[in-house]
Amino acid sequence: MLTAKKLVKVYNTVPAVRNVSITLEPGQIMALVGASGSGKSTLLNLLAGLTDADTGEVRLNDERVLGPSEVLVPGHKDIRLVHQEYQLMPNVSVRENIAYALRFFEKSYRDFRVNELLKLCRLTDVQDRIPRQVSGGEKQRTAIARAIADKPAVLLLDEPFSHLDLPNRLIVRDLLFDLVRHEQTSCLFVTHDATDALSIADTLGILRDGKLIQLGTPVAVYHQPVTAYAARMTGLVNILKAKYLSLLDLPESDNPESLICLRPEQLKLDDTGMPVTVRAVYFKGSHYELDVAVSRYVSLRLLTSRTDIQVDQVVHIRLRDNELWRLKG
Ligand SMILES: Nc1ncnc2c1ncn2[C@@H]1O[C@H](COP(=O)(O)OP(=O)(O)OP(=O)(O)O)[C@@H](O)[C@H]1O
């Protein structure tokens, strides 16, 4: 189990990580989501023992993970970090890049394990190519295969999905899923886009300005975000002041300035609902996203499978159930 307790890191005067505590169980996938500059990379480096914390500590089971000022070779043997740039050896094949991580093992085991990793990471067909002859997705999977070759307890990934197209994102998502299931590796990745995090993580954290402002299951964070930032980081959302609830035929709350979070799927088209004007229609493949004007000041997003909605059309909308989520800020 990897635990971080009250980690703090300040660069000169810039606080990059503020008092972050997390626990990562074996076989668990955790995603930390945050905007650019929220401290994601710094936190990963602290967890990997590659940056010294100002205060706080990281432990793997009962052992303290030492920082670079305390050891000759920075990093912990059971914790691996896959960087965004992959850092592969450019002049040797995919297979040899992976095998290098196993150079201290017997050849028969090394061959067996490399074949297993090539299969797990869907790289068998490109194993003899050098990195510049494979795609970005394949490079990244090579970096993951190399990182997990000697079965570390913890795999940390910096933005594993950000440079990949959709098919490759799905391959990496499935790969991480298989990895934790087959090898009981703990996996923590950071990302600025929660789309993949929501579907794969057991636990989702929201980082803002170096602080972990929320930690919970993806379902809980998605439906009950603590702030407007957490709501926006986890998907499409309507955020409106409580004083506008009457426009939706809902009772206003005691504090008219408090913020209400309404996910688009909580709204539906319903002929008995409030009239609104369609401002835009976006085709999303499986459905359409509508931007509707409720008043001069309030517009909302909702989803529909109807194909007949046009811009400027008046439609009627209603809340699916009367459950509203109030944000704290
Ligand atoms: N070596 C450094 N020296 C000074 N400030 C730094 C250093 N590294 C990061 N910072 C600052 O610390 C804060 C957190 O940076 P960090 O790179 O951890 O964020 P991030 O969430 O990973 O950002 P991004 O998504 O853009 O990579 C930022 O304000 C950044 O400018």
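Residues numbered from 1 in each chain as written. Predicted model: local features only at pLDDT ≥ 70, side-chain atom pairs only at ≥ 80, totals over all residues.

Explain the nonpolar core to me, please; I cannot follow it from the model alone.
Burial of nonpolar side chains together is a common tendency in soluble globular proteins. Judged by nonpolar contacts, the single largest core of 79 residues is most densely connected at A31, V33, L47 and L156. In this view, L47 contacts L2, A4, V58, L156 and L188; residues no more than four positions away in its chain are not counted. (Core = buried A, V, L, I, M, F, W, Y, C linked by C-beta atoms within 7 Å. Buried ≥ 20, exposed ≤ 12 C-beta atoms within 10 Å, placed from the backbone. Contact = placed C-beta atoms within 7 Å.)

In this structure, what is going on with the sheet that holds strand β2 (residues 14-24)? I would like to understand it.
On the basis of which strands lie adjacent, the open sheet formed by four strands has the order β2-β1-β4-β5 and antiparallel pairing. The open sheet has two free edges, formed respectively by β2 and β5 (63-64), since each of these has just one partner strand. Pairing between strand β1 (residues 2-11) and β2: eight bridges, direction antiparallel. Considered in β2, the bridge of V8 is made with R18. (Pairing = 2+ DSSP bridges. Helix = DSSP H or I, 4+ residues; strand = E, 2+ residues; numbered from the N terminus.)

I tried to follow the sheet that holds strand β16 (residues 314-319) on my own but got confused; where do I start?
Strand pairing in a sheet takes place through backbone hydrogen bonds and is either antiparallel or parallel in direction. Sheet architecture is open: four strands sit in the order β15-β14-β13-β16, paired in antiparallel fashion. Because the sheet does not close on itself, it has two edges, and the strands there are β15 (299-304) and β16. Sheet twist, expressed as the average angle between the axes of neighbouring strands with direction ignored, equals 55 degrees. One ladder, built from six bridges, connects strand β13 (residues 267-283) with strand β14 (residues 288-293); its direction is antiparallel. From the neighbouring strand, Y282 faces β14, where its bridge partner is E289. (Axes fitted to C-alpha atoms, helices over the stretch in contact; angles between N-to-C directions.)

What is the right way to look at the domain arrangement of the protein in this model?
It is common to give the size of an interface as the accessible area lost on bringing the parts into contact. What the domain assignment reports for the protein is domain 1 (2-227) and domain 2 (238-326). The straight-line distance from the C-alpha centre of domain 1 to that of domain 2 is 38 Å. (Domains from an automatic or database assignment.)

Sorry if this is basic, but what is going on with the site of the ligand here?
Taken together, Y11, V14, A16, G34, S36, G37, S38, G39, K40, S41, T42 and H192 form the complete shell of residues around the ligand. For the shell around the ligand, the secondary-structure elements that each account for two or more residues are β2 and α1 (40-47). For the shell around the ligand, the element with the most residues is α1, which contributes three residues. Per-class residue counts for the shell around the ligand are three nonpolar, eight polar and one charged. (Near = placed C-beta within 6 Å. Nonpolar A, V, L, I, M, F, W, Y, C, P; charged D, E, K, R; others polar.)

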